[in-house]
Amino acid sequence: MSAESGPRPGSHVLILGGTTEARQLAQSLAAEPSYRVTSSLAGRVASPVLPPGGTRVGGFGGAAGLAGWIACNDVTHVVDATHPFAERMSFNAAGARALTGVPLLALRRPGWTPRPGDAWTFADGLEEAARLLPDLGSRAFLTTGRTGLHTFAHLTGTWFLVRSVDPPAAPAPPHLEVLLARGPFTLADERALLARHRIDLLVTKDSGGTATAPKLTAAREAGVPVLVVRRPPVPQGVPEAATVAAALRWLGATGPAR
């Protein structure tokens, strides 16, 4: 962090994490003696990659529980760097800000936009994606996360490929192959996967960022259509940063809440 960022002595930053950006922010702050950093992880992965600094795993118990944790641990700044589809945590963070007055920043990567050659269909949620899917393909690479797999369990006429760090739980579609793997995955990886499994439809959430973008490029090259689940609403009135560098600048310019 540059001297212009103005680190504040005694600052305790709570990062609501689970994303690449959250880990990068924690790494930057952990190297700064003027900051104490705690990363909070949801605990949905059995063996998560832990970021530098302090960590905690599990929920807080809603906005009130998060506010209590903030107060008890002398948190001076909160950065919501959760996944763009972790809407409940984002609203809890906004609620905790209202209860505590502690500054809150949403570190939210920009969403994806279609490029020439893309064939994208958009859905407002997993339920709509499940309704649209049978008309778009019969061999689907489903990359919307293992926790939402039950939404597609009734689709008996579609063969699904799912890739996740941990095995998905039932209910699940009857025609399903699971690949246990941890990314990031290269463009060559995604090209080979689409060809090997004869994928004719990619289903993804609009996660944004570069870590999982190669699958979109591979689909474009192969002429595979993409079913994209739009992002859910976010709390209004919360300042946003699109990059880790912008989040570091915000932290340097924002003094302790008390």
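Preceding block: the structure.
Let us look at the structure shown here. Remember, predicted model here, so these are calculated numbers, not experimental data.

## Considerations on the layout of surface pockets
Reasoning step 1: If you add up the space inside the second largest pocket, you get close to 360 Å³.
Reasoning step 2: If you go around the second largest pocket, you meet 20 residues; those closest to its centre are Trp112, Gly209, Thr210, Ala211 and Ala213.
Reasoning step 3: Secondary-structure elements contributing two or more residues to the lining of the second largest pocket are α1 (20-30) and α6 (214-222).
Reasoning step 4: Within the lining of the second largest pocket, the residues separate by chemical class into seven nonpolar, eight polar and five charged.

## A few points about the pairing of strand β10 (residues 201-205)
Reasoning step 1: Counting buried positions over the five residues of β10 gives five, a clear majority of the element.
Reasoning step 2: Side chains of β10 alternate between two faces, with Leu201, Val203 and Lys205 and Leu202 and Thr204 buried alike.
Reasoning step 3: Bridge count between strand β7 (residues 139-143) and β10: four bridges; the pairing is parallel. Across the sheet, residue Ala140 finds its bridge partner in β10, namely Leu201.
Reasoning step 4: In the sheet, β10 pairs with strand β11 (residues 226-229) via four bridges, with the strands oriented parallel. Paired with Val203 across the bridge in β11 is Leu227.
Reasoning step 5: For the crossover from β10 across α6 to β11, the handedness is right-handed.

## Some details on the sheet that holds β7
Reasoning step 1: Pairing in this open sheet of six strands is parallel, and the strands run β6-β11-β10-β7-β8-β9 from one edge to the other. A strand with exactly one partner marks an edge of an open sheet, and here the two such strands are β6 (120-123) and β9 (176-180). Direction aside, neighbouring strands of the sheet carry axes that sit 20° apart on average.
Reasoning step 2: For β7 and strand β8 (residues 159-164), the ladder comprises four bridges, and the chain directions are parallel.

## Regarding empty space enclosed by the protein
Reasoning step 1: Here the structure, examined in full by the defined rule, presents two cavities of 30 Å³ or more.
Reasoning step 2: By volume, the largest cavity amounts to about 50 Å³.
Reasoning step 3: Around the largest cavity sit Thr19, Glu21, Ala81, Thr82, Pro84, Leu107, Arg108 and Arg109, which together line it.
Reasoning step 4: Taken together, the residues of the lining of the largest cavity sort by class into three nonpolar, two polar and three charged.
Reasoning step 5: Estimates place the volume of the second largest cavity at around 40 Å³.
Reasoning step 6: What lines the second largest cavity is Asp80, Ser90, Ala94, Leu104, Ala106, Arg108, Pro235 and Val238.
Reasoning step 7: Looking at the lining of the second largest cavity, the elements that each hand over two or more residues are α3 (87-100) and β5 (104-107).
Reasoning step 8: Taken together, the residues of the lining of the second largest cavity break down into five nonpolar, one polar and two charged.

Calculation notes
- Residues numbered from 1 in each chain as written.
- Predicted model: local features only at pLDDT ≥ 70, side-chain atom pairs only at ≥ 80, totals over all residues.
- Heavy atoms only, no water.
- 1 Å grid on protein atoms, 1.4 Å probe; cavity = no way out; pocket = protein on both sides within 12 Å on 5 of 7 lines; lining within 4 Å.
- Points joined across faces, edges and corners; volume = space filled by probe spheres on them.
- Helix = DSSP H or I, 4+ residues; strand = E, 2+ residues; numbered from the N terminus.
- Nonpolar A, V, L, I, M, F, W, Y, C, P; charged D, E, K, R; others polar.
- Buried < 20%, exposed > 50% of the residue type's maximum accessible area, 1.4 Å probe, protein only.
- Pairing = 2+ DSSP bridges.
- Right-handed = clockwise from strand over helix to strand, strands pointing away.
- Axes fitted to C-alpha atoms, helices over the stretch in contact; angles between N-to-C directions.

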